[in-house]
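Reading the structure
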Amino acid sequence: MTPIISKLPQTGTTIFTIMSALANEVGAINLSQGFPDFNTSPELIELVNTAMKQGHNQYAPMPGVMALREQIAQKTEKLYGAVYNPDTEITITAGGTQAIFTAITAVINPNDEVIIFEPAFDCYAPAIKLAGGIVKSLELEPPDYRIPWDMVRRLINNKTRMIILNTPHNPTATTLKQEDIDELSAIVKNQDILILSDEVYEHLIYDGETHHGMARYPELQQRSFIVASFGKPFHATGWKVGYCMAPAFLMQEFRKVHQFLVFSVNAPLQYAIAEHLKDENTYLSLPDFFQQKRDYFRKGLQESRFELLPCSGSYFQSVTFNNITDEKDSDFALRLTKEIGVASIPTSAFYTKGTDHHVLRFCFAKRQETLDNAVDRLLKV
């Protein structure tokens, strides 16, 4: 047989697939993979059906349906004061992960260095490596997982091409603060450094905090790919519809890759989402909706032996288990799934070196009944 030289020799099946499969196998409550167990809006479902009946079943335009791009532009300007041209600066993608891969592929060349912060969502590093780039990772530590900007400065050199940010952050549920923006702005000023900002949880921010996304800051906006998704806010992760916003000179390169990667995205869903976005309450109501779930889940776990870490955004709650066991987080997560019946994600999976802080991540985007059952089981640990 012809030998194959793997481009990702160290990469196996993702931890999300492994834990969800195990949860299904043993009948555990799945709080591992980040998806809701409740339905999306009936009105949105009806809009999709209507779009299909109206004949929107062929290829959408390569950059996306204009009506949807216009709604995104209007929403972004209203929320952040940022003006994007829907014709040249917004592209609809097959989910956030595709947008991230496309942006990296479009601008990262061999030996370009890309700074990421770990624990990091697991698609960043492989995409950088496939583009021939070099991953420069900085490890963040619990409980606050703050970015050490002094260390970022030490990593910057003439090969640094991109910094990848994620706010609200998966898996730590932290968010960027104004001081982070100030530090970032100072670091990239007068530098040829691009920013890839993963903001798929932009509407899931709690306790009245501000979403410090790149669109809010003109000096950062002009060097940023901003990635977002409709799967998270509309409880429809299986639809895989997202988008990327970037200045025209960056979006031009983005689309060169996009057209040969997926070309275009599910047409009826785009028409439906465009109509759905006309009601701003579809996204403005999300912080309260998910904060209630966060508070309910945290209150239930307060009587457990787990130690709750801060959660200011996303729909994940991380916990430490130092009071319970000295096991590796991966071993404990497996045992918790098999013996207690609750699946989680060990956060060492988000570190290149497998750094283990004895932290597990739970998803609380679940029905109250699901959360009740999970808490009941976790209280027995």
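Overview of the structure.

1. A word on the overall build of the protein
A tally of helices and strands in the protein yields 14 helices and 13 strands. Expressed along its principal axes, the backbone C-alpha trace of the protein runs to roughly 55 × 55 × 55 Å. Classification of the 381 residues of the protein by burial places 56% in the buried group. Put simply, of all contacts in the protein between residues at least 6 apart along the chain, 75% involve residues at least 24 apart.

2. Details of the nonpolar core
Within the largest apolar cluster, 117 residues are counted, with the highest numbers of intra-cluster contacts made by Ile104, Met162 and Phe225. When residues in this core are grouped by element, the largest group, 6 residues, is from helix H4 (residues 96–107).

3. Some words on the pattern of salt bridges
Taken as a whole, this structure holds 13 salt bridges when the rule is applied. A salt bridge links Lys278 to Glu275; the shortest N-O distance between them is 3.1 Å. Judged by its relative accessible area of 55%, Lys278 falls in the exposed class. Residue classification places Glu275 among the partly exposed positions, given a relative accessible area of 39%. Across the pair Glu327 and Arg335 runs a salt bridge whose closest N-O atoms are separated by 2.6 Å. Among the residues examined, Arg335 registers a relative accessible area of 31% and is labelled partly exposed.

4. Notes on the sheet that holds strand S10 (residues 316–320)
Read from one edge of the open sheet, 4 strands run S9-S10-S13-S12, paired in antiparallel fashion. Bordering the open sheet on either side are strand S9 (307–308) and strand S12 (345–346), each of which pairs with just one other strand. Pairing between S9 and S10: 2 bridges, direction antiparallel. Within S10, the position partnered with Glu307 by the bridge is Thr320. Against the sheet, helix H12 (residues 286–301) engages S9, S10 and strand S13 (359–363), with an angle of about 20° to S10.

5. Examining the packing of helix H1 (residues 15–26) against helix H13 (residues 329–340)
One way to put it is that H1 packs onto H13 with a least axis distance of 9 Å and a crossing angle of 25°. The orientation of H1 relative to H13 falls into the category roughly parallel. Considering only the axes of H1 and H13, their crossing is right-handed. Packed against H1, whose contacting residues are Met19, Leu22, Ala23 and Val26, the element H13 presents Ala333, Leu334, Thr337 and Lys338 at the interface. Across the contact of H1 with H13, the residue classes break down as 6 nonpolar, 1 polar and 1 charged.

6. A short note on the sheet that holds strand S2 (residues 90–93)
Pairing is mixed across the open sheet formed by 7 strands, whose spatial order is S2-S8-S7-S6-S5-S3-S4. Both outer strands of the open sheet, S2 and strand S4 (134–139), are each paired with one neighbouring strand and no more. Adjacent strand axes in the sheet meet at a mean angle of 20° when their direction is disregarded. Its contacts with the sheet place H4 against S2, strand S5 (160–166), strand S6 (194–198), strand S7 (224–229) and strand S8 (242–245), and it is angled at close to 165° to S7.

7. Focus: the state of the cysteines
Summed over all chains, the structure comprises 0 disulfides. Of all cysteine sulfurs, the one in Cys244 lies closest to Cys123, which takes part in no disulfide; the gap is 13 Å. Residue Cys363 stays outside any disulfide, its sulfur separated by 11 Å from that of Cys311, the closest cysteine.

8. So, the packing of aromatic side chains
Counted under the stated rule, the structure contains 18 aromatic pairs. With centroids separated by 6.2 Å and ring planes inclined at 70°, the aromatic side chains of Phe121 and Tyr124 adopt a geometry described as edge-to-face. On the basis of relative accessibility, which here comes to 3%, the residue Tyr124 falls in the buried class. Chaining the aromatic ring pairs together yields one cluster made of Phe38, Tyr201, Phe289, Phe290, Tyr315 and Phe316. A cation sits over an aromatic face here: Lys75 above Tyr283, 5.3 Å from the ring centre. Of note, Arg361 hangs over the ring of Phe316, and the distance from its end group to the ring centre comes to 3.7 Å.

What counts and how
- Residues numbered from 1 in each chain as written.
- Predicted model: local features only at pLDDT ≥ 70, side-chain atom pairs only at ≥ 80, totals over all residues.
- Heavy atoms only, no water.
- Helix = DSSP H or I, 4+ residues; strand = E, 2+ residues; numbered from the N terminus.
- Buried < 20%, exposed > 50% of the residue type's maximum accessible area, 1.4 Å probe, protein only.
- Contact = heavy atoms within 4.5 Å.
- Core = buried A, V, L, I, M, F, W, Y, C linked by side-chain atoms within 4.5 Å.
- Salt bridge = Lys/Arg side-chain N within 4 Å of Asp/Glu carboxyl O.
- Pairing = 2+ DSSP bridges.
- Axes fitted to C-alpha atoms, helices over the stretch in contact; angles between N-to-C directions.
- Parallel < 35°, antiparallel > 145°, perpendicular 65-115°, else oblique.
- Left-handed = near helix turned anticlockwise from the far one by under 90°.
- Nonpolar A, V, L, I, M, F, W, Y, C, P; charged D, E, K, R; others polar.
- Disulfide = S-S within 2.5 Å.
- Phe/Tyr/Trp six-rings, centres within 6.5 Å; stacked < 30°, edge-to-face > 60°.
- Lys NZ or Arg CZ within 6 Å of the ring centre and 35° of its normal.

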